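Results of the structural survey
As a plain string of letters, each chain reads:
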Amino acid sequence: MFRLPIASPAGHYGWRPIFIMAALFFSIGFVTWLNGPLITFVQVAFNLSDVASFLVPVCFYLAYFFFPLPATLLSRRIGLRRGLIVALVIMAAGTALFGECVNARWYAGALSGLTVIGAGLSLLQITINPYVTLLGDHDRAAQRIAIMGVANKFAGILAPALFAVVVMPHVGEVAASIRDAAPGPDREAILLRFTHAVHAPYETMALLLIIFAVLVARSSLPEISLESAETASAATPPRRAHPLRLATGVLAMFLYVGVEVLAGDAIGLYGRSLGLSLDVTKYLTAMTLASMMAGYIAGMIVVPRFFTQERYLVLSCAVGIMICVLAMITSGSVPVLCVALLGFANAMIIPALFPVVLAEAGADGARATAWLIMAYSGGAVLPQLFVHLAPSLGTANAFMTLAIPSYLFIAAWMIVICGRTAGSPPKASIVTAGD
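Residues numbered from 1 in each chain as written. Predicted model: local features only at pLDDT ≥ 70, side-chain atom pairs only at ≥ 80, totals over all residues. Heavy atoms only, no water.

A look at the overall build of the protein
Looking only at helices and strands, the protein has 22 helices and zero strands in total. Counting all 435 residues of the protein, 56% fall into the buried class. Of the contacts formed within the protein by residues at least 6 apart in sequence, a portion of 86% connects residues at least 24 apart. On the protein, roughly 17,200 Å² of surface is accessible, and the fraction owed to carbon and sulfur atoms is 68%. (Helix = DSSP H or I, 4+ residues; strand = E, 2+ residues; numbered from the N terminus. Buried < 20%, exposed > 50% of the residue type's maximum accessible area, 1.4 Å probe, protein only. Contact = heavy atoms within 4.5 Å. Areas by Shrake-Rupley, 256 points an atom, 1.4 Å probe, with all protein chains shown as cover.)

Set out below in structure tokens:
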């Protein structure tokens, strides 16, 4: 018979920092998972092809490739707490820039705004993950991460649903009006009204991020240094990194984030390819995130009571593959529901993958954290491959051609690593609650 843990995960700093960090993870989820409905929005607003509209996740997630290493150097220089504040200010600037450029119907400028948001999120990810880990006892870090993950995924459900209701309430009618209108003043008026709808929400988000940065600056958050993260597991002798296992682990993270973004952001295109209307597909990202939230809650219940995280990751990949196969052999709206259910399979992959990869880094956990955040750029590459493969292979086949091998690689990597460590990978000093 198992017993539920009764000790508080907050640690000696109390619950106040936990609540503030949960709010930050909410902001990460809210900004990140707007990309799904944004793809539909820009496609209509700027009359774009599928390939051009999928530059939204490309610009957003490529920032994760270029900025983590500079963000690591900056956070070492100014500290984790100040790094959180700077990250929020950068995100606010990018959000405001995106809103202004969309309102001016300047697509290149809007994409640059998304890149700035991604740069701010890179710094936020670099600083917040070790900060949450070190807020309390190492043995309770998983509980703190669970709280952060729930906040992140709840925002991921709320953001696309709100965007669909506030910004795109009649997107199907708007798209039809634009299609039927002859080039000229009437068509431009329709486009201007549609693009203007995004201006106020994004400027409001920018203002809220600035207010949040001020509140964090004025709060009594403890000062924690990255050096503390590197010595958090000093009770065990430092291990030397194994370059090949570390590199392939980073590749596994790259593939995972790509699959996660495919399920969340590309589901709209997947649904449209099956004949679903824009008024339906604008809600599909929220469905994927709701499925992911359910998977996260289920994982917290069964891990580690019935499964180790490592075994549950392998099981999650197997479930993902089975859902992909089911999507390929069914018809109607069932394949779209299957893609949404991939959120359930994806939920518990990153909580297991991230710390095990860091364990392979040995004592160099901070640098490995930067590499893992850089691997989030998989969210730029796999969706772009998908949209290029879809015309020749078909939407479903293109999706599964990318997703199934990715699940196989991630599961195989974990099986090999667990086999080398007798099923008990060493503890990592820094962990994450997700993208």
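Side note on the nonpolar core
Core analysis: the biggest nonpolar cluster contains 142 residues, and Met21, Phe41 and Met253 have the highest contact counts within it. The contacts of Met21, once residues within four sequence positions are left out, are Leu84, Ile128, Tyr131, Val132, Leu135, Met148 and Leu221. (Core = buried A, V, L, I, M, F, W, Y, C linked by side-chain atoms within 4.5 Å.)

Quick notes on a nonpolar patch on the surface
Among the surface-exposed residues, Phe154, Leu158, Leu162, Val165, Val166 and Tyr283 lie close enough to one another that they form a single nonpolar patch of about 500 Å² accessible area. When its relative accessible area of 32% is taken as the criterion, Tyr283 is described as partly exposed. (Patch = residues over 30% accessible without salt bridge, like charges linked within 9 Å, V, L, I, M, F, W, Y side chains within 5 Å. Salt bridge = Lys/Arg side-chain N within 4 Å of Asp/Glu carboxyl O.)

Some thoughts on the packing of helix H2 (residues 35-45) against helix H10 (residues 185-196)
Axis separation between H2 and H10 bottoms out at 10 Å; the angle between their running directions is 155°. Overall, the two elements H2 and H10 adopt an arrangement that is roughly antiparallel. As H2 runs across H10, the sense of the crossing is left-handed. Each of Phe41, Val44 and Ala45 in H2 lies in contact with H10, whose residues at this interface are Leu191, Phe194 and Thr195. Residues of the contact of H2 with H10, tallied by class, amount to five nonpolar, one polar and no charged. (Axes fitted to C-alpha atoms, helices over the stretch in contact; angles between N-to-C directions. Parallel < 35°, antiparallel > 145°, perpendicular 65-115°, else oblique. Left-handed = near helix turned anticlockwise from the far one by under 90°. Nonpolar A, V, L, I, M, F, W, Y, C, P; charged D, E, K, R; others polar.)

Brief notes about the environment of Ser112
The topology assignment puts Ser112 in helix H7 (residues 107-133). For Ser112, a relative accessible area of 30% puts it in the partly exposed group. When the C-alpha atoms of Ser112 and Phe98 are compared, they prove to be 7.4 Å apart, with 14 residues separating the residues in sequence.

Concerning the packing of H2 against helix H4 (residues 55-66)
Put simply, H2 and H4 touch, their axes get as near as 9 Å, and they point 135° apart. What the angle tells us is that H2 and H4 run oblique. Here Asn35, Leu38, Ile39 and Val42 of H2 come into contact with H4, specifically with Val56, Pro57, Phe60 and Tyr61. Class assignment of the residues belonging to the contact of H2 with H4 gives a composition of seven nonpolar, one polar and no charged.

Considering the packing of aromatic side chains
Taken as a whole, this structure holds 15 aromatic pairs when the rule is applied. Considering the side-chain rings of Phe307 and Tyr312, the 5.9 Å spacing of their centres and the 55° angle between planes classify their relative orientation as tilted. A network of ring pairs unites the aromatic residues Phe54, Tyr270, Phe386 and Phe399 as a single cluster. (Phe/Tyr/Trp six-rings, centres within 6.5 Å; stacked < 30°, edge-to-face > 60°.)

Overview of the environment of Ala375
Topologically, Ala375 is positioned in the loop between helix H20 (365-374) and helix H21 (378-393). Each C-alpha atom of the pair Ala375 and Tyr64 lies 7.3 Å from the other, and the pair is 311 residues apart in sequence. Beyond its immediate sequence surroundings of up to four residues, Ala375 is in contact with Val250, Met253, Phe254 and Val257.

Some words on the side chain of Thr127
In this structure, Thr127 sits in helix H7. A distance of 2.9 Å separates the side chain of Thr127 from the backbone oxygen of Leu123, its partner in a polar contact. Other than its neighbours up to four places away in sequence, Thr127 contacts Ser75, Leu80, Gly83 and Leu84. (Polar contact = N/O pair within 3.5 Å; in protein donor to acceptor, adjacent residues only side chain to side chain.)

Description of H2
Within H2, eleven of the eleven residues are buried, which leaves it mostly tucked inside the rest of the structure. Taken residue by residue, H2 has Asn35, Gly36, Pro37, Leu38, Ile39, Thr40, Phe41, Val42, Gln43, Val44 and Ala45 as its buried positions. Just past H2, the residue Asn47 takes up positive phi, approximately 55°.

Brief notes about unusual backbone geometry
In the Ramachandran plot, Asn47 falls in the positive-phi region, its phi being about 55° despite a non-glycine side chain. Within the secondary structure layout, Asn47 lies in the loop between H2 and helix H3 (50-53). We classify Asn47 as exposed; its relative accessible area is 58%.

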